[in-house]
Every structure is written in structure tokens, then in C-alpha cells.
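As a plain string of letters, each chain reads:
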Amino acid sequence: MNIAWPYHIDTSNRTAEAGDERHVRDLIEQVLFTSPTERVMRPSFGSGVLQLVFAPNSPELAATTQFLVEGALQQWLSDVIDINEVLVEAVDSTLTVTVGYAIRLTGETRIDTFTRAVTS
């Protein structure tokens, strides 16, 4: 059973489930947008990428962010996915991360885009 994220109750008043593809996408999103120390029992979980949204844009920051995201995905999801490509773009207070990956279980390749608008 893959629990849907964010957690919610479905129409039959049970814990909502997600299909395998959606579950993998949810896992990636959790790694990307969870800040280290946010999880009590796993303080190193996450990528910390949201902290970089307000940093001054530069080619160096973009490269650093891409390595940060790739490292976090490798650390936490290497048994689930193989990462092919990561692209990170920060425009104003909006962060967009595009991840190309292959699902290890099925071999299917996917490209998903994740966006967060950070409000202060």
C-alpha cells in the first residue's frame, strides 16, 4: 500500500492510496521540499533547497543547487530511482526543479517538474 501524500482521507473514509508512479513522484517531492531538521526522527532528511530561493542568482548557485538536489535524491531514494538529470531554476520567489529519472522497479523513465512559491 502506498499512502498518498499529502496525507488525506479518500471518499470511502479511508487513508488515501497512490499508485506506484504517483508514489515515487511524491517521494521525490518530499525529499526536495523538506528542510533538514524538519523531521524529528530523521533530522538529516531533505535537501534544504528552499533556503536557496532568496539567495542571489548566479551560475555558481545554480550548479551548487543542482548538486545539492542530486545528492539528496541519491542519498534518500537511490534504491527507488536512478537520476538522469536535474535542472533547477529560481525566478523571484518561485523555485522550479525538473528531475529526469528512471524507476528501478519498472525501468520506466520519467521527467517531473516540481514548483514551490515561497512566501515570507
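Model, not experiment: these values are computed from the prediction.

### Observations regarding the sheet that holds strand β3 (residues 109-117)
Here comes step 1: Pairing in this open sheet of three strands is antiparallel, and the strands run β1-β2-β3 from one edge to the other. Because the sheet does not close on itself, it has two edges, and the strands there are β1 (81-91) and β3. The average undirected angle you get between the axes of adjacent strands in this sheet is 15°.
Here comes step 2: Packed onto the sheet, helix α1 (residues 20-33) meets β1, β2 (94-103) and β3 and runs at close to 45° relative to β3.

### Topic: unusual backbone geometry
Here comes step 1: One non-glycine residue, N13, lies in positive phi territory at about 60°.
Here comes step 2: Assessed through its relative accessible area of 67%, N13 is described here as exposed.
Here comes step 3: Positive phi, close to 80°, is recorded for T37, a residue that is not glycine.
Here comes step 4: Along the polypeptide, T37 turns up in the loop between α1 and α2 (59-77).

### Quick notes on the pattern of salt bridges
Here comes step 1: For the coordinates displayed, the defined rule picks out eight salt bridges.
Here comes step 2: In this structure, the salt-bridge partner of D112 is R25, at a minimum N-O distance of 4.0 Å. Pair noted here: D112 is in strand β3 and R25 is in helix α1, with a separation of 87 residues, a long-range link.
Here comes step 3: For R110, the salt bridge goes to D112, with nearest N and O atoms at 3.4 Å.
Here comes step 4: Exposure remark for D112: the relative accessible area of 7% places this residue in the buried category.
Here comes step 5: Put simply, E21, R25, E29, E108, R110, D112 and R116 are held in one network by salt bridges that share partners.

About the cut-offs
Residues numbered from 1 in each chain as written. Predicted model: local features only at pLDDT ≥ 70, side-chain atom pairs only at ≥ 80, totals over all residues. Heavy atoms only, no water. Pairing = 2+ DSSP bridges. Helix = DSSP H or I, 4+ residues; strand = E, 2+ residues; numbered from the N terminus. Axes fitted to C-alpha atoms, helices over the stretch in contact; angles between N-to-C directions. Contact = heavy atoms within 4.5 Å. Buried < 20%, exposed > 50% of the residue type's maximum accessible area, 1.4 Å probe, protein only. Salt bridge = Lys/Arg side-chain N within 4 Å of Asp/Glu carboxyl O.

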